[in-house]
Amino acid sequence: MNKNEIKLSNGMEMPRLGMGTWFLGEKKQKDDQETAALRAGIDAGIRLIDTAEMYGDGKSEQLIGRAIKGYDRSRLFLVSKVYPHNAGRRKIFKSVQQTLKNLQTDYLDLYLLHWRGAVPLEETVECMEQLVKEGKIRSWGVSNFDTDDMRELLSVPNGDHCVVDQVLYHLGSRGVEYDLLPWLEEHQIPLMAYCPLAQAGDLQKDLLKSSTVKEIAKIHNITPMQVLLAFVLYQPNVIAIPRSGKAEHVLQNWNARKIRLTDVEYGLLDKAFPAPKQKTYLDIV
Ligand code: NDP
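What you see is a predicted model; the values in this text were computed from it and never measured.

Caption draft 1: Here's a closer look at the site of the ligand. Surveying the vicinity of the ligand reveals 28 residues, the closest of which are Asp 50, Gln 199, Arg 243, Ser 244 and His 249. Here an oxygen atom of the ligand sits 2.9 Å away from a polar atom, N or O, in the main chain of Trp 22. For the ligand, whose accessible area on its own is 890 Å², the fraction buried by protein is 90%. In a pocket analysis with a 2 Å cut-off to the grid points, the ligand is assigned to the largest pocket. At three residues, helix α10 (residues 247–255) tops the list of elements feeding residues into the shell around the ligand.

This is the structure in structure tokens:
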């Protein structure tokens, strides 16, 4: 990874590596461990935390709210997501209020439409713009939008104020490299990679068994998981949000920012897990 931050189209600086939180906060008995994991990350310098109203029905946001207590809010970059069915005039304002309450904060750095639903894009954009004006959110973006959805979004009034697109991206799922990633780059919109660790290899079993991944890990004295992170962060327009409920893993993931894959190593990974040569539709989980 070359730069720790990326400039968004509205001028804001966004960290390129953060913490995901899906499934965190859902099990009471893991509360202390998960809070400690998030705090260890913040203590080490992680500023970006990604969540959603969907995660544990607000429990992930609440866990973050407890974990960030006592830290300087202005140093953090908090991201949450609104359900598509809440992303219209009738419900979004209540949703954001609940999210802010859960997080114990008075603004979000970034608010995302979790995926595309039945509410017209024009309406969601209008609401997002209003939330920016009210100071409830500093910026907004989308998630699970493919290239056609992005084109459509940019054609509605103020649609070009969208600052990121959060989509699934890992070494074993590289469909976005065909047209979405270049398109986003051209429009100065970073791609926020979710499942960058392929859910610890669960989404693609052969990743962690790969001799190429293992060899590169050995050369750098890092773990195969860190190789996966270094792979997505090799692309300058990518932000990654690996999730862990364990402090030790959070710190390992954070250290992946220092890894510089050589062009040769990147080429070996590319050969072992080639990107598709034609359009494939977005992977989702
Ligand atoms: P990840 O690819 O981040 O993988 C998470 C898994 O990896 C967990 O099982 C975790 O276990 C394990 N892990 C993490 N770090 C390490 C490590 N260093 N060594 C070994 N194992 C490790 O999957 P997610 O699905 O969580 O994706 C990341 C984030 O992206 C989510 O948490 C969420 O914030 C976001 N997301 C967004 C979606 C969207 O639709 N917009 C969809 C899916 C995810 P352990 O806790 O034991 O470390």
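Caption draft 2: Region of interest: the sheet that holds strand β9 (residues 191–194). Judged by pairing direction, the sheet is parallel, and its eight strands sit side by side in the order β3-β4-β5-β6-β7-β8-β9-β10 without closing on themselves. Looking at the sheet topology across the chains shown, the edges are occupied by β3 (18–19) and β10 (238–240).

Caption draft 3: Representation of helix α11 (residues 263–272) in the model. Listed as buried for α11 are Glu 265, Tyr 266 and Leu 269. Buried residues of α11 fall within an arc of 100 degrees about the axis and therefore sit on the same side. Exposed and oriented more than 90 degrees from the buried face of α11 are Asp 263, Val 264 and Lys 271. Elements in contact with the buried residues of α11: α8 (211–220) and α9 (224–233).

Caption draft 4: Geometry of the nonpolar core. In terms of nonpolar packing, the biggest core is built from 73 residues, with Tyr 111, Met 150, Leu 153 and Leu 191 touching the most fellow members. In terms of residue count, α9 provides more of this core than any other element does, seven residues in total. If we ignore the near neighbours within four places in the chain, the residues touching Met 150 are Val 142, Phe 145, Cys 162, Asp 165, Leu 180, Trp 183, Leu 184 and Ile 189. One finds Leu 8, Leu 112, Val 163 and Ile 239 within the second-largest nonpolar core, a separate group that totals 17 residues.

Caption draft 5: Layout of helix α2 (residues 59–67). Residues Ser 60, Glu 61, Leu 63, Ile 64, Gly 65 and Ala 67 constitute the buried set of α2. Here the buried face of α2 lies against α1 (31–44), β4 (48–50), β5 (77–82) and α3 (92–103).

Caption draft 6: Representation of empty space enclosed by the protein within the structure. Summed over the entire model, instances satisfying the criterion amount to three cavities of 30 Å³ or more. In this model, the largest cavity occupies a volume close to 50 Å³. Counting residues per element, the ones that place at least two in the lining of the largest cavity are α4 (121–133) and β7 (140–143). With four residues, α4 is the single largest residue contributor to the lining of the largest cavity.

Caption draft 7: Just the packing of α1 against α10, in detail. At a minimum axis distance of 8 Å, the contact between α1 and α10 shows a crossing angle of 30 degrees. Taken together, α1 and α10 sit at an angle that is classed as roughly parallel. Handedness of the crossing formed by α1 with α10: right-handed. Between α1, through Ala 36, Ala 37, Ala 40, Gly 41 and Ala 44, and α10, the contact on the second element is made entirely by Ala 247, Val 250, Leu 251 and Trp 254. Across the contact of α1 with α10, the residue classes break down as eight nonpolar, one polar and no charged.

Caption draft 8: Just the layout of surface pockets, in detail. Estimated volume of the largest pocket: approximately 1,000 Å³. Lining the largest pocket are 42 residues, with Trp 22, Phe 23, Gln 199, Arg 243 and Ser 244 positioned closest to its centre. Counting residues per element, the ones that place at least two in the lining of the largest pocket are α1 and α10. When residues of the lining of the largest pocket are assigned to their parent elements, the largest contribution, three residues, is made by α10. For the lining of the largest pocket, the residue count by class is 18 nonpolar, 13 polar and eleven charged.

Caption draft 9: Region of the structure containing the pairing of strand β8 (residues 165–168). Along β8, one buried face is formed by Asp 165 and Val 167 and the opposite face, lined by Gln 166 and Leu 168, is buried too. The pairing of β7 with β8 spans two bridges and is classified as parallel. For Ser 143, the partnering residue across the bridge sits in β8 and is Gln 166. Pairing geometry for β8 and β9, over four bridges, is parallel. Following the sheet pairing, Leu 168 is matched in β9 by Tyr 194. Read from β8 through helix α6 (residues 180–186) to β9, the crossover connection turns out right-handed.

The rules behind the values
Residues numbered from 1 in each chain as written. Predicted model: local features only at pLDDT ≥ 70, side-chain atom pairs only at ≥ 80, totals over all residues. Heavy atoms only, no water. Near = heavy atom within 4 Å. Polar contact = N/O pair within 3.5 Å; in protein donor to acceptor, adjacent residues only side chain to side chain. Areas by Shrake-Rupley, 256 points an atom, 1.4 Å probe, with all protein chains shown as cover. 1 Å grid on protein atoms, 1.4 Å probe; cavity = no way out; pocket = protein on both sides within 12 Å on 5 of 7 lines; lining within 4 Å. Sits in = over half its atoms within 2 Å of the grid points. Helix = DSSP H or I, 4+ residues; strand = E, 2+ residues; numbered from the N terminus. Pairing = 2+ DSSP bridges. Buried < 20%, exposed > 50% of the residue type's maximum accessible area, 1.4 Å probe, protein only. Arc of directions from axis to C-beta. Contact = heavy atoms within 4.5 Å. Core = buried A, V, L, I, M, F, W, Y, C linked by side-chain atoms within 4.5 Å. Points joined across faces, edges and corners; volume = space filled by probe spheres on them. Axes fitted to C-alpha atoms, helices over the stretch in contact; angles between N-to-C directions. Parallel < 35°, antiparallel > 145°, perpendicular 65-115°, else oblique. Left-handed = near helix turned anticlockwise from the far one by under 90°. Nonpolar A, V, L, I, M, F, W, Y, C, P; charged D, E, K, R; others polar. Right-handed = clockwise from strand over helix to strand, strands pointing away.

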